[in-house]
Amino acid sequence: MKIVIVRRISQVFFFVVFLWFCIVSSLGTEWWRLRGWPVNWFLQLDPLVALGTVLTTGTLYSGLSWALAVLVLTVLFGRFFCGWVCPFGSIHHFVGYLGRRGKPLSRSLELNRPHAGQAVKYYVLLFLLCAASGVLAARILRLVFDTPPIFLALAAVTIVAAVLTVRGLRSNRRKAYGIFLLMLGFWTAAAFVIPLEQVIRSSLQSGLLDPIPLVYRSVNLVLLPLLDSSTRTLFVGQRYYEGAWLIGAVFLVAVLLNLKTPRFYCRYVCPLGALYGVLARLSLWKIGRVADECTNCRLCEANCEGACEPAGRIRVPECVLCMNCLDECRHDVIAYRTAPSASGEVLVPDMSRRGFVLAGVSGLAVIPLVRLGGGMSHSWNPEVIRPPGALSEADFIARCLKCGQCMRVCPTNVVQPCGLQAGLEGLWTPVLDFRIGTSGCQYNCTACSHVCPTAALRPISLDEKLGRGGFAGKGPIRIGTAFVDHGRCLPWAMDKPCIVCQENCPVSPKAIFVREHFATVRDGVVEVKSAEPLSIRIGGTVLKPGRYAAGDHYLKVSSEPEHQRRRIVANGEYTVSLSPEHRFAELPAAGTRVEIQVRLQRPQVDLERCTGCGVCEHECPVTGRRAIRVTAENESRTRKKSLLL
């Protein structure tokens, strides 16, 4: 069997496995639901996920140890993951194939010619890694500062290197070393006078462009809801996700660009591919020419997926091991072996020092700049409600991949991709929107916390969520608090009876309680024309028949005590009928003024009991901007937001 056939079978197999894991990522009792399937497996294979979380947290999560195996295999065999395993890469491969079908050889060669823009992905990788490593770098510098001999030695070396560089040593290598040491010395000196840990911040943003979180997010939040909209097989109702158009647009543009240039995303953008490219220079097995007898037909480059120039000095970091060159070569001068290519190899990505420094410094600086807005401190947005189990906001941002797994598994569709409410760092991280789903955060559900691959949502038990058993002392996990908007609430603002929020509150005892209040309806003061024990006839005002018959309206004789009212059971245009238990003992005289009052049960929220589940907000009959809304105040993950003493 040809090697390209084996590669295609591998691509199809892993792509089908990936789709299967996306399909089964929903709650249910059937075997094809989330019942032990390793739905995060592709994320766990991703070394960029593992490296990013190690940099931001100093911890390698157990599931991500799979990535170490991928790294070892990459060092042995090269970028096999890109060409044989990556589901996003397989999509690019297939669409790129469609785009170049029928094109003449000269055009195919032109499309697969190496391009200087292929270095962009290395700058993207460096930028993302530096953005993730700020705190770690600050800690290392602080450690150096806390060790005086090391600090003094480093400072001396830095000064000497800087002086030599300034005095005109023009060797590029020496100049590079000088610049590096100068920067190191600057940060060390900065650590001497300022606490860098409080200035330099880190954030995990690799999930924006890392192909594995990107394809998970795109398939789960865009493609599956679209495909399932007519069959309703995966979801009970239509799934909605805020900003899905942007996620879909990024995915669509990335895929369609393959029609212009094969594997456009892999060649120019993919930070994971860049990481593999850096490691590929160490690989034992590589593609290359076995001898100089090449006829220079260049057929091997016609279908080269990586634009790595296998006929010439092969660019090892760009080779994705598609093996098309081996298949196309009619003279067997291309091989996959441990010996170097006979025509030479390019082992280092084509990066400039200026671009290297610019990407690194930009990555270190961008997070502190973004946080100058104060979104992580005093001006935090109360509308950003994180799912149960979320860590403190800074730790959460340091771990969240934006993969969308928690949004996919949520049974009520309330976990949504965040827009810019949480700032640039929070783009596509999970937040709760109680309007868009089918209910609030379910009382007996902890699914989202158990699918998070990096523990940005730490796994919680139902007892912990509800504050039962061993967690009774801590109480339930609060993700926010409901607040009643007196300007929009029907009983408060419109004198309309409504207890929907109180009735639907799932907490026991209920976190929402009501206070009774009686209000005279508009034009509700009338005069008695005649009276009987169970009814009166009025004059002047015309009543709408049946308007006061729902059981919430009462008749009060103005001259009687405040608490004495009679429940109305029916009314005509000029008559009002009373409940039998509220009959008149003494009939009111003609001309007596009576009031028609409505009994209102105005909702109040018990701060100690409300968990912010949002069921009340979802069920509120004021369907635009809800009259009761949950915000992140009083969430239990941060003591600073507590409203309780």
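Residues numbered from 1 in each chain as written. Predicted model: local features only at pLDDT ≥ 70, side-chain atom pairs only at ≥ 80, totals over all residues. Heavy atoms only, no water.

Per an unreviewed UniProt entry, the protein is named 4Fe-4S ferredoxin, iron-sulfur binding domain protein, and its organism is Syntrophobacter fumaroxidans.

Regarding its fold elements, the protein presents 24 helices and 14 strands. Its C-alpha radius of gyration of 34 Å places the protein more than 25% over the 26 Å reference for a compact globule of 645 residues. Overall size of the protein, expressed as C-alpha extent along the three principal axes, is 120 × 65 × 45 Å. The long-range fraction of contacts in the protein, counting pairs at least 24 apart against all pairs at least 6 apart in sequence, stands at 74%. (Helix = DSSP H or I, 4+ residues; strand = E, 2+ residues; numbered from the N terminus. Rg over C-alpha atoms; globule rule 2.2 N^0.38 Å. Contact = heavy atoms within 4.5 Å.)

This part takes up the pairing of strand β13 (residues 593-605). Taken across its 13 residues, β13 has 10 buried, putting it largely inside the fold. Bridge analysis of strand β8 (residues 512-532) against β13 gives 12 bridges, and the strand direction is antiparallel. When the sheet's bridge partners are listed, I512 is paired in β13 with V605. Relative to β13, strand β10 (residues 553-557) runs antiparallel, the two being bridged by 5 bridges. Paired with V557 across the two strands is V594, which belongs to β13. (Buried < 20%, exposed > 50% of the residue type's maximum accessible area, 1.4 Å probe, protein only. Pairing = 2+ DSSP bridges.)

What follows is about the UniProt feature "transmembrane region" (unreviewed entry) in the protein. The positions UniProt marks with the feature "transmembrane region" (unreviewed entry) are residues 12-32, 120-144, 150-169, 176-196 and 239-259. Taken end to end, residues 239-259 has its terminal C-alpha atoms 30 Å apart, with 62% of it in helix and 0% in strand. (UniProt positions renumbered as here; feature names shortened; annotations may be inferred.)

A large share of β10 lies buried, amounting to 5 of its 5 residues. The sheet contact formed by β10 and strand β11 (residues 566-571) spans 2 bridges and is antiparallel. Of the residues in β11, the one forming a bridge with L555 is R566.

To characterise two packed helices, one gives the angle between the axes of the helices and the distance between these axes. Relative to each other, helix α6 (residues 87-100) and helix α11 (residues 211-228) sit at 80°, their axes nearing to 8 Å. In terms of their interaxial angle, α6 and α11 are classed as roughly perpendicular. Of the residues in α11, those in contact with P87, F88 and I91 of α6 are P211, I212, L214 and V215. Residue composition of the contact of α6 with α11, grouped by class: 7 nonpolar, no polar and no charged. (Axes fitted to C-alpha atoms, helices over the stretch in contact; angles between N-to-C directions. Parallel < 35°, antiparallel > 145°, perpendicular 65-115°, else oblique. Nonpolar A, V, L, I, M, F, W, Y, C, P; charged D, E, K, R; others polar.)

Between side chains of opposite charge, pairing is possible as soon as their charged atoms come close. Per the stated rule, a full pass over the model turns up 22 salt bridges. Among the salt bridges present, the one from E581 reaches R567, with a minimum N-O distance of 3.4 Å. Placement of the pair is E581 in the loop between β12 (575-578) and β13 and R567 in strand β11, with a sequence separation of 14 residues. Since its relative accessible area comes to 55%, E581 is described here as exposed. (Salt bridge = Lys/Arg side-chain N within 4 Å of Asp/Glu carboxyl O.)

Another aspect to go through is helix α3 (residues 47-57). Of all 11 residues in α3, 9 are buried; the element is thus mostly enclosed. Burial in α3 covers these residues: P47, L48, V49, A50, G52, T53, L55, T56 and T57. At the C-terminal side of α3, G58 shows a positive phi close to 75°.

Turning next to the sheet that holds β13. With antiparallel pairing, the 6 strands of this closed barrel are ordered in space as β8-β9-β12-β11-β10-β13. Across the sheet, the axes of successive neighbouring strands diverge by a mean angle of 45°, strand direction being ignored.

Next up on the list: the side chain of E345. One can find E345 in strand β4 (residues 345-346). Here E345 occupies a buried position and makes no salt bridge, while the nearest side chain of opposite charge, K286, is found at 4.3 Å. At 3.1 Å, the side chain of E345 forms a polar contact with the backbone nitrogen of S341. Beyond its immediate stretch of four places on either side in the chain, E345 contacts K286, R313, I314, V316 and P340. (Lys, Arg positive; Asp, Glu negative; His and termini not counted. Polar contact = N/O pair within 3.5 Å; in protein donor to acceptor, adjacent residues only side chain to side chain.)

It is worth spelling out the packing of aromatic side chains at this point. Considering all chains together, one arrives at 15 aromatic pairs under this definition. Geometrically, the ring pair formed by F18 and F42 is edge-to-face, given 5.7 Å between the ring centres and 90° between the ring planes. Here F18, found in helix α1 (residues 3-23), pairs with F42, found in helix α2 (residues 41-44); they are 24 residues apart in sequence, far enough to count as distant. The cationic tip of R565 hangs over the ring face of F518; the distance from NZ or CZ to the ring centre is 4.0 Å. Cation over ring: K641 sits above W380, and NZ or CZ is 4.1 Å from the ring centre. (Phe/Tyr/Trp six-rings, centres within 6.5 Å; stacked < 30°, edge-to-face > 60°. Lys NZ or Arg CZ within 6 Å of the ring centre and 35° of its normal.)

Bringing the side chain of N571 into the picture now. Relative to the elements of secondary structure, N571 occurs in strand β11. Here R547 takes part through its backbone nitrogen, which lies 3.1 Å from a polar atom of the side chain of N571.

Okay, the nonpolar core next. One finds F42, F81, F88, I212 and I287 to be the most contacted residues of the largest nonpolar core, which totals 71 residues. If sequence neighbours within four positions are ignored, F42 has contacts with F14, V17, F18, F21, V85, P87, I212 and Y216. (Core = buried A, V, L, I, M, F, W, Y, C linked by side-chain atoms within 4.5 Å.)

Each neighbour pair has its own omega, and for S508 with P509 the value is -10°, a cis peptide bond. With respect to the secondary-structure elements, P509 resides in the loop between α23 (500-504) and β8. For N296, which is not a glycine, the phi torsion comes out positive at approximately 60°. Among the structural elements, N296 can be located in the loop between β1 (286-289) and α15 (299-302). Its identity as a non-glycine residue notwithstanding, L321 has a phi of 60°, on the positive side. In this structure, L321 sits in the loop between β2 (314-315) and α16 (324-328).

On to α11, then. When the terminal C-alpha atoms of α11 are compared, their 24 Å separation across 18 residues agrees well with the 26 Å that a helix rising 1.5 Å per residue should span. Along α11, the sharpest kink reaches roughly 35°, centred on V219. (Expected span 1.5 Å × (residues − 1). Bend = angle between axes of the 7 residues up to and from the residue.)

At a minimum axis separation of 9 Å, α6 and helix α12 (residues 244-256) run at an interaxial angle of 50°. Compared by their axis directions, α6 and α12 come out oblique. Residues F88, I91, H92 and V95 of α6 lie in contact with α12, whose contacting residues are F251, A254 and V255. When its residues are assigned to classes, the contact of α6 with α12 shows 6 nonpolar, 1 polar and no charged.

Here the focus is the domain arrangement of the protein. Per the domain assignment, the segments of the protein are domain 1 (3-125 + 208-346) and domain 2 (514-603). The straight-line distance from the C-alpha centre of domain 1 to that of domain 2 is 75 Å. (Domains from an automatic or database assignment.)

Taken together, the side chains of F94, Y97, L98, L252, L256 and L259 make up a nonpolar region of the molecular surface, amounting to roughly 580 Å² of accessible area. Of all the secondary structure elements, the ones that give two or more residues to the nonpolar patch are α6 and α12. Tracing the backbone through its elements, the reader meets L256 in helix α12. (Patch = residues over 30% accessible without salt bridge, like charges linked within 9 Å, V, L, I, M, F, W, Y side chains within 5 Å. Areas by Shrake-Rupley, 256 points an atom, 1.4 Å probe, with all protein chains shown as cover.)

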